[in-house]
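Structural description and commentary
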Amino acid sequence: MLRLIKLELQKLWLNRTSKILIFISFILPFTVLILSSIKINFFGFFTLELGELGIFNFPIIWHITTFFASYFKLFFAIVVVSMIGNEYSNKTLKQNLIDGLSKKEFILSKFYTIVFFSLVATILIGVATFFIGLYYSSYTEVSIIFRETSFLLAYFVKLVGFFSLCLFLGMLLKRSAFALAFLFILYIFEWLVFWGAYEVFGTTETAWKVKNFLPLESMYKLIDQPMQRVVMTKYPDKIDLTYDYGVYWYEILIVIVWIGVFTFLSYRLLKKRDL
Amino acid sequence: MESILTINNLTKKFGYLTAVKNLSFTINKGNVYGILGPNGSGKSTTLGIVLNVVNKTSGDFHWFDGNISTHDALKKVGAIIERPNFYPYMTAYDNLKLVCNIKGVDFSKIQEKLELVGLWDRKDNKFRTYSLGMKQRLAIASALLNDPEILILDEPTNGLDPQGIHQIRSLIKQIAANGTTILLASHLLDEVEKVCSHVVVLRKGEKLYSGRVDEMISSHGYLELKAENQEQLLKFLNDKNIFGKINVEDDLITAFLDEPLDAKSVNQLMFDNGIVLTHLVKRKESLEEQFLQLTDNN
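Position labels on residues start from 1 in each chain and follow its written sequence. All chains are assigned letters beginning with A, and all ligands numbers beginning with 1, in the order in which they are written. Per-residue local features are limited, in this predicted model, to residues with pLDDT of at least 70; the limit for side-chain atom pairs, both in listing and counting, is 80 or more; totals at the level of whole chains, interfaces and linings are taken over all residues. Side-chain calculation: all heavy atoms of the structure are included, whereas hydrogens and water are not.

1. Some words on the sheet that holds strand β4 (residues 58-63) of chain B
Residues and elements named next belong to chain B. Here a strand pair is declared whenever DSSP counts at least two bridges between the two strands. Only runs of H or I of at least four residues qualify as helices and only runs of E of at least two qualify as strands under DSSP, and these elements are numbered from the N terminus. As summarised here, the arrangement of the three strands in space is β2-β1-β4, forming an open sheet in which the pairing is antiparallel. Because the sheet does not close on itself, it has two edges, and the strands there are β2 (17-28) and β4. Taken over all neighbouring pairs, the strand axes of this sheet differ in orientation by 15 degrees on average, direction set aside. Bridge analysis of strand β1 (residues 3-14) against β2 gives eight bridges, and the strand direction is antiparallel. Bridge pairing in β2 links Thr-6 to Thr-26. Working rule for contacts: check all heavy atoms of both residues, and any pair within 4.5 Å makes them a contact. Here an angle of 0 to 180 degrees is reported between the N-to-C directions of two axes, which are lines fitted to C-alpha atoms, with helices fitted over the stretch in contact. Helix-sheet contacts for helix α1 (residues 43-50) involve β1, β2 and β4, and the interaxial angle to β1 is about 115 degrees.

As structure tokens, then:
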């Protein structure tokens, strides 16, 4: 396993474009996180301090950081898609196989790398959130600090899920640009399914339930948007604002099933294909 | 003899097209094999199948004694298919490091092999800055990293200038002299004739011949004859049953021999029968003529 990760890391690390993209996808969320945590003074007119809104309080901070950080996954998604696309366009996939890498090992080396980067991203965001929280949070009891760390698990699964989807699309279409375009088509397709389900069942509630099983929506659903929750904490008496923002085991299970499906399909595709 | 690769009734279909038809042959240790055939005769497809990048339709093949999986066997094989494929943004050294990691070979081999192909002083240049000849040499260095039992080369001199072709050929001979088995696919006849001891001839995916190169030229050669009295000569040739096909081209007569006969005896025979030859040459068919005969007549 280490050998396979080492192979892939060498391919990525010596490529300037992917190095920059990896850098961006890891460093940018931190810069945003740290910038937003300091007090910004707008030339003496007014000061903006997001910390005062209470968003850096435990346990809500876990929810907020993982939600916003997950948008930066798009940068690494480009890396994932191009690491397949490049293997096809340079014909190095063929050469790798001739040199004695099996098709299974090839897919596994990509998959392990995805898991590796997702894990690193989760650990980094976890540590950063922990320290920013310690600095700003009004509550620092241990039980409160670690109450909603399930968002970290959700974040990890969400990343692995999204990158496995990219891996599969890269294998399917062989070209990075097509694969990224297909992601957008899939997004539209999921809304079409939603609309179709609404026509069939007649209620948006059931339509949402159907859509929650689809890949992109199931990944998004892992971490619900936290804005409403911030507003909720400000006005606790407004009952109609309440919603369910928790991370549930079945949400994680759906994404894990998708991860399995995408990885397996990538392997099947490569196995069946003549290079 | 120890066999390295055995192919049994291998068939590959691309839709309606049959690229390889019921192909069988064996490759033994220590020989230099050529796979000869015109473009599109299934050479690369056959190599693709045994190298695990093309899926076979039917038949089977096994490496070495057959107790080893194909991808493990490939770690003892060195192969280059068509064009040299490397990561353009990496240096030659880094590219070979990657291959070492795949094959499980020590990095110390890299210097040895780069020196062999004469690229050691360019090791820190990126692959994309290499000329085609250098790329091809790097590919050979890469294929040799694991000191393979067999080296497979597919059209290794394709697209190279004469100097590059010469460099690659002398490299191949040097490698063969070290006892490495070589399998060389080519449509260049003189290449196969110069380098190989055994040959498999393919046409449209079918095997036409397999065996030693010198035995492929099975005939006893032919005679080019001229005489002042051509009719008399022709009549004599037709009456004797030791000649096969006889061609007449202006005043030159070409007669193919059905049994061994040297030039001296021919001259004596003619003279005894009252024919005075003005021109007598005995020739052996070149591999090229033999190859064209094989691929055209079938």
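Read on, since the account is not over.
2. Section: the domain arrangement of chain B
Residues and elements named next belong to chain B. For chain B, the assigned domains read domain 1 (3-216) and domain 2 (222-297). With centres defined by C-alpha atoms, the gap from domain 1 to domain 2 works out at 42 Å. Each partner contributes to the interface: domain 1 provides 10 residues, whereas domain 2 provides six residues. By convention, the term buried area covers the 1.4 Å-probe accessible surface removed from two parts as they join, with the contributions of both added. Carbon and sulfur atoms make up 82% of the surface buried where domain 1 meets domain 2, a total of about 860 Å² over both sides. One speaks of a salt bridge when a side-chain nitrogen belonging to Lys or Arg is within 4 Å of a carboxyl oxygen belonging to Asp or Glu. Between the two partners, domain 1 and domain 2, sit zero salt bridges. Here a polar contact is recorded for every N or O atom pair within 3.5 Å, except that within protein the pair must consist of a potential hydrogen donor and a potential acceptor, and residues adjacent in sequence are included only if both atoms are side-chain atoms. Linking domain 1 to domain 2 there are zero residue pairs in polar contact (both at pLDDT 80 or more). Contributing elements (two or more residues each) for the side of domain 1 that touches domain 2: α7 (189-195), β8 (198-203) and β9 (206-212). Nonpolar residues are Ala, Val, Leu, Ile, Met, Phe, Trp, Tyr, Cys and Pro. Charged residues are Asp, Glu, Lys and Arg, and all others, Gly as well, are polar. Class assignment of the residues belonging to the side of domain 1 that touches domain 2 gives a composition of seven nonpolar, one polar and two charged. Note that domain bounds follow an automatic or database assignment of domains.

3. What about the UniProt feature "transmembrane region" (unreviewed entry) in chain A?
Residues and elements named next belong to chain A. Mapped onto this numbering, the UniProt entry gives "transmembrane region" (unreviewed entry) at residues 20-40, 60-84, 111-137, 149-170, 177-198 and 247-270. With 96% helix and 0% strand, residues 111-137 has its two end C-alpha atoms placed 37 Å apart. Strand forms 0% of residues 247-270 and helix 92%; the C-alpha atoms that close the span are 34 Å apart. UniProt positions are given in the numbering used here, feature names are shortened, and annotations may be inferred rather than shown by experiment.

4. Structural notes on the interface of chain A and chain B
Facing 27 residues of chain A, the contacting portion of chain B comprises 26 residues. Both faces combined, the contact of chain A with chain B buries some 2,600 Å², and carbon together with sulfur accounts for 51% of it. At the boundary of chain A with chain B, the tally comes to one salt bridge. For Asp-274 of chain A, the salt bridge goes to Lys-12 of chain B, with nearest N and O atoms at 2.8 Å. For the interface between chain A and chain B, the tally reads 13 residue pairs in polar contact (both at pLDDT 80 or more). Only α1 (2-13), α5 (92-98), α6 (103-136) and α13 (249-272) of chain A provide two or more residues apiece to the side of chain A that touches chain B. The dominant element in the side of chain A that touches chain B, judged by the number of residues it contributes, is α5 of chain A, at six residues.

5. Quick notes on the packing of helix α4 (residues 73-89) of chain A against helix α9 (residues 176-201) of chain A
If you want to describe how two helices pack, look at the angle between their axes and the distance between the axes. Residue and element names in this part refer to chain A. The interhelical angle for the contact between α4 and α9, taken along N-to-C directions, is 140 degrees, at an axis separation of 8 Å. Taken as axis vectors, α4 and α9 run oblique relative to one another. Considering the relative orientation of α4 and α9, their crossing is right-handed. Of α9, the residues touching α4 (which contributes Ile-78, Val-81, Ser-82 and Gly-85) are Ser-176, Ala-179 and Leu-180. Residues belonging to the contact of α4 with α9 are distributed by class as follows: four nonpolar, three polar and no charged. When an angle is under 35 degrees it counts as roughly parallel; over 145 it counts as roughly antiparallel; between 65 and 115 it counts as roughly perpendicular; any other value is oblique. Each crossing gets its handedness from the near helix: less than a right angle anticlockwise from the far helix is left-handed, clockwise is right-handed.

6. Digging into the packing of aromatic side chains
Between 30 and 60 degrees the pair is tilted, below 30 it is stacked and above 60 it is edge-to-face, where a pair is any two Phe, Tyr or Trp rings, Trp via its six-membered ring, whose centres lie within 6.5 Å. Within the structure shown, the criterion is met by 26 aromatic pairs over all chains. Geometrically, the ring pair formed by Phe-194 of chain A and Trp-208 of chain A is tilted, given 4.9 Å between the ring centres and 55 degrees between the ring planes. In this pair, Phe-194 of chain A is assigned in helix α9 and Trp-208 of chain A in helix α10 (residues 204-211), connecting sequence segments 14 residues apart. Any residue under 20% of the maximum accessible area for its type is buried, any over 50% is exposed, and the rest in between are partly exposed; the area is computed with a 1.4 Å probe on protein chains only. A residue is classified by how much of its surface remains accessible, and Phe-194 of chain A, at 13% relative accessible area, is buried. For Trp-208 of chain A, a relative accessible area of 35% puts it in the partly exposed group. With a centroid separation of 5.4 Å and an interplanar angle of 20 degrees, the aromatic rings of Trp-258 of chain A and Phe-262 of chain A are classed as stacked. Residue Trp-258 of chain A and its partner Phe-262 of chain A are located together in helix α13, separated by four residues, close to a single helical turn. By relative accessible area, which is 5% here, Phe-262 of chain A ends up buried. Taken together, the ring pairs connect Phe-26, Phe-76, Phe-116, Phe-117, Phe-162 and Phe-163 of chain A into an aromatic cluster. Geometry around Trp-191 of chain A places Lys-211 of chain A over its ring, the cationic atom sitting 3.8 Å from the centre. Both a distance and an angle decide whether a charge sits over a ring: NZ of Lys or CZ of Arg must be within 6 Å of the ring centre and within 35 degrees of the ring normal. Its guanidinium or amino end placed over the ring of Phe-64 of chain B, Lys-76 of chain B lies 4.5 Å from that ring's centre, counting from NZ or CZ.

7. Concerning the environment of Ile-80 of chain B
All names here are of chain B. Residue placement: Ile-80 occurs in strand β5 (residues 77-80). Separated by 60 residues in the primary sequence, Ile-80 and Ile-140 place their C-alpha atoms 7.2 Å from one another. Beyond its immediate stretch of four places on either side in the chain, Ile-80 contacts Gln-136, Ala-139, Ile-140, Ala-143, Ile-152, Leu-153 and Asp-154.

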